[in-house]
Amino acid sequence: MRLTPIAIAVLFANFASAATRNSAPFRAPGPPLAYPPADPDDRGIPTKAVLLDRYVEQKLDHTNPNDARTWFQRYLIADEFYTPGGPVFVFLSGPWKIDGEIAVNGSIGLLGRDLGAVLIDLEHRFYGKSKPTESLTIEDLAFLTIEQAISDIVNFATFLKQNDEMFSGPWILYGSGYSASLAAWTRAQHPDIFAGAYASCPRLHVTPYFEDYYRVVYSALEEASPGCGNLVWQGFEEMSLIVASGDSETLAQHFTFCDGKIDTRDPYDVQNLYNIATEHFGQEVETARVGNLTDNVCYWMEFESLGTPFEMLAFLVNEFGTCYISDYQEVLEYAVNSTFWQEDYYGKQWMYQQCSELGQFLTTGSTLGPTYVSIDYFLLYCKTVFGSQYNLLHLEQSAARLNELYGGLTPKGTKIVYTVASLDPWHTLGSHSASPESPLIMIQGASHSLDLSGPGQNDTFFVQDARRQVAELIQSWL
């Protein structure tokens, strides 16, 4: 289950670990990683893939020729399927630590095996083991920008092409969500370096806040089981009445707060609770596979004998047994003080990207019952943790700049294929008018980036057909 940065901060506010800096440009810390098929009975993948753990030296600031500081970016590479002249397929990571699974066992990894490709999983700066700075101060995070990330990708490709014949073939970039946008934007700006790009469920349109997300969540729950979305709505309606009555004891009985209580008089504490709860259902929809929503959400919401819609809602939110910090001020204080690297916590970095450039905050309005998570809830985080300059005007200006630079829902560039899944709550940020230069494949009944995964017995015709179309386009660019 993936969580928003604020939810992650709530979960890991008491966790800290020391970090170490890489000391060599190419290093394999330990034996190679072997990636067998994730589900051999279902996927039919014929062989394992072995990835080597490698690092490439990058400039800290690509925009300043007078800044000589460097760092080491991590990537995983599988070259056992390579044949001379074969392509290079690079999966661009986003705000997570790379593991190589999509790169070798996903749909493009399997295509690459057949085409004699080099398979690469490239980690994004400031995530995983790709640490450009010793700490995470505001001054350090200033180097976490889309422009710097694209320059990393360009430098990575240029360096490998110049130093090894194995990388001289055509390069294809691909990604998911934010990293799908990176793949498309990088190809559009550098068609001389990259032969094409595949953007699975991208977020092309930049906007400070995004209410459509939870509208799709509600529709997807209703589609999974008629009445299911309404039960979730009723659960939030009951929850809002409890909040309005000031009955903090009932909330504490049903939600696992780390300190055992919540202040219903504090609007930000209440929004924090709403954000945690709505996030759960958003992630269930975003990561759903065939039948998941019925089994994981609707079955329980429709089990009337176990409790009211609110009680079942709270049961599902608490199913992972993790406590949540109810005091939003405590969440903010933790983020302010988190200036050290943590191996599995990237909430602050991703929130910085959202506060400084991307926005796309998941506000609710009345899109999932009578909850209310406002843009002010997120902006308070931005201004408290990163500075008062990160306000709504800043995000509006950033959105206008990025949409002008990259095209927004009229994307620039050629030889870029986009897929959009109808059940992906993000899909309206990636839906655009199709054109020969930037074709769009709409996948009915699919969730976020299902097309990137390897084949499964339950794949629908629409998912299979999308993979086929993507594969044909990529091969035509090689």
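A few points on the structure.

## A word on the packing of aromatic side chains
A complete count under the given rule lists 30 aromatic pairs for this structure. Consider the rings of Tyr 352 and Tyr 390, whose centres lie 6.0 Å apart with planes at 75°: the pair is edge-to-face. Residue Tyr 352 is located in helix α15 (residues 347–358), and its partner Tyr 390 is located in the loop between α16 (375–386) and α17 (392–406); the two are separated by 38 residues in the primary sequence. You can call Tyr 352 buried: its relative accessible area is 5%.

## With respect to the state of the cysteines
Counted under the stated rule, the structure contains 3 disulfides. There is a disulfide in this structure between Cys 258 and Cys 323, and the S-S distance comes to 2.1 Å. Its S-S torsion of about 85° marks the bond between Cys 258 and Cys 323 as right-handed, since a negative value means left-handed. Of this pair, Cys 258 sits in the loop between α10 (248–254) and α11 (267–286) while Cys 323 sits in the loop between α13 (309–317) and α14 (328–337); the two residues are 65 residues apart in sequence, bridging distant segments of the chain. By relative accessible area, Cys 258 is classed as partly exposed at 35%. Assessed through its relative accessible area of 29%, Cys 323 is described here as partly exposed. Here Cys 355 connects covalently by a disulfide to Cys 382, the sulfurs 2.0 Å from one another. Judged by the torsion about the S-S bond (-80°), the Cys 355/Cys 382 disulfide is left-handed. Remark: Cys 382 occurs in helix α16 and Cys 355 occurs in helix α15; sequence separation between them is 27 residues. As far as burial versus exposure is concerned, Cys 355 and Cys 382 are alike and both buried. If one numbers only the bonded cysteines of the chain, in the order they occur, the disulfide pattern is 1-3, 2-4, 5-6.

## Considering helix α9 (residues 228–244)
Helical periodicity: at 3.6 residues per turn, an α-helix aligns residues three or four positions apart in one direction. Counted at 1.5 Å a residue, the expected span for α9 with its 17 residues is 24 Å, and the 24 Å between its end C-alpha atoms agrees. For α9, the full list of buried residues reads Cys 228, Gly 229, Leu 231, Val 232, Gly 235, Phe 236, Met 239, Ser 240, Ile 242 and Val 243. Buried positions along α9 lie against α8 (212–224), α10, α11, α12 (292–301) and α13. Phi for Gly 246, located one or two positions after α9, is positive at around 75°.

## Here we look at α14
Along α14, the residues classified as buried are Tyr 328, Val 331, Leu 332, Tyr 334 and Ala 335. Down the axis of α14, the smallest arc covering the buried residues is 160°, so these residues share one side. The distance from a side-chain oxygen at the start of α14 to the backbone nitrogen of Gln 329 is 3.0 Å, and the residue carrying that oxygen is Asp 327.

## Observations concerning the packing of helix α6 (residues 146–163) against helix α7 (residues 178–189)
Packing of α6 against α7 brings their axes to within 10 Å, and their N-to-C directions diverge by 65°. The angle between α6 and α7 falls in the class roughly perpendicular. For the crossing formed where α6 meets α7, the hand is right-handed. The residues of α7 that touch α6, namely those facing Ile 146, Ala 149, Ile 150, Ile 153 and Val 154, are Tyr 178, Leu 182, Trp 185, Thr 186 and Gln 189. Of the residues assigned to the contact of α6 with α7, the class counts are 8 nonpolar, 2 polar and no charged.

## Some words on the pattern of salt bridges
Inspection of every chain in the model, using the stated rule, returns 11 salt bridges. One salt bridge in this structure joins Arg 467 and Asp 459, with 2.7 Å as the shortest N-O distance. Per residue, the accessibility class of Arg 467 equals that of Asp 459, and both read buried. In this structure, a network of salt bridges that share partners links the residues Asp 53, Arg 74 and Glu 123.

## Focus: the packing of helix α4 (residues 107–115) against helix α18 (residues 461–477)
Running from N to C, α4 and α18 cross one another at 45°; their axes reach a closest spacing of 11 Å. Compared by their axis directions, α4 and α18 come out oblique. Seen from above, α4 lies across α18 with right-handed handedness. Contact residues: α4 offers Ser 107, Ile 108, Leu 111 and Leu 115, while α18 offers Arg 467, Val 470, Ala 471, Ile 474 and Gln 475. Taken together, the residues of the contact of α4 with α18 sort by class into 6 nonpolar, 2 polar and 1 charged.

## Re the environment of Phe 81
By secondary structure assignment, the location of Phe 81 is in the loop between β3 (70–78) and β4 (88–92). According to the relative accessible area criterion, Phe 81 is buried, its value standing at 13%. Residues Phe 81 and Leu 115 lie 34 residues apart in sequence; the distance between their C-alpha atoms is 8.3 Å.

## Observations regarding the nonpolar core
Core analysis: the biggest nonpolar cluster contains 112 residues, and Ile 120, Met 239, Leu 251 and Phe 255 have the highest contact counts within it. Ignoring any residue separated from it by four or fewer positions in sequence, one finds Phe 255 in contact with Met 239, Leu 273, Phe 310, Leu 313, Ala 314, Val 317 and Asn 318. Of all hydrophobic cores here, the second largest spans 32 residues; its members include Ala 195, Ile 443, Val 470 and Trp 477.

## Points about the pairing of strand β6 (residues 171–176)
The element β6 is extensively covered by neighbouring structure, given that 6 of its 6 residues are classed as buried. Residue alternation in β6 divides its side chains into two sets, Trp 171, Leu 173 and Gly 175 and Ile 172, Tyr 174 and Ser 176, and both sets are buried. Here 4 bridges tie β4 to β6, and the two strands are oriented parallel to one another. Each residue of the ladder has a partner; that of Val 88, found in β6, is Trp 171. The pairing of β6 with strand β7 (residues 196–200) spans 5 bridges and is parallel. Of the residues in β7, the one forming a bridge with Leu 173 is Ala 197. Between β6 and its parallel partner β7, the chain crosses via α7, and the hand of that crossover is right-handed.

Criteria and cut-off values
- Residues numbered from 1 in each chain as written.
- Predicted model: local features only at pLDDT ≥ 70, side-chain atom pairs only at ≥ 80, totals over all residues.
- Heavy atoms only, no water.
- Phe/Tyr/Trp six-rings, centres within 6.5 Å; stacked < 30°, edge-to-face > 60°.
- Helix = DSSP H or I, 4+ residues; strand = E, 2+ residues; numbered from the N terminus.
- Buried < 20%, exposed > 50% of the residue type's maximum accessible area, 1.4 Å probe, protein only.
- Disulfide = S-S within 2.5 Å.
- Expected span 1.5 Å × (residues − 1).
- Contact = heavy atoms within 4.5 Å.
- Arc of directions from axis to C-beta.
- Polar contact = N/O pair within 3.5 Å; in protein donor to acceptor, adjacent residues only side chain to side chain.
- Axes fitted to C-alpha atoms, helices over the stretch in contact; angles between N-to-C directions.
- Parallel < 35°, antiparallel > 145°, perpendicular 65-115°, else oblique.
- Left-handed = near helix turned anticlockwise from the far one by under 90°.
- Nonpolar A, V, L, I, M, F, W, Y, C, P; charged D, E, K, R; others polar.
- Salt bridge = Lys/Arg side-chain N within 4 Å of Asp/Glu carboxyl O.
- Core = buried A, V, L, I, M, F, W, Y, C linked by side-chain atoms within 4.5 Å.
- Pairing = 2+ DSSP bridges.
- Right-handed = clockwise from strand over helix to strand, strands pointing away.

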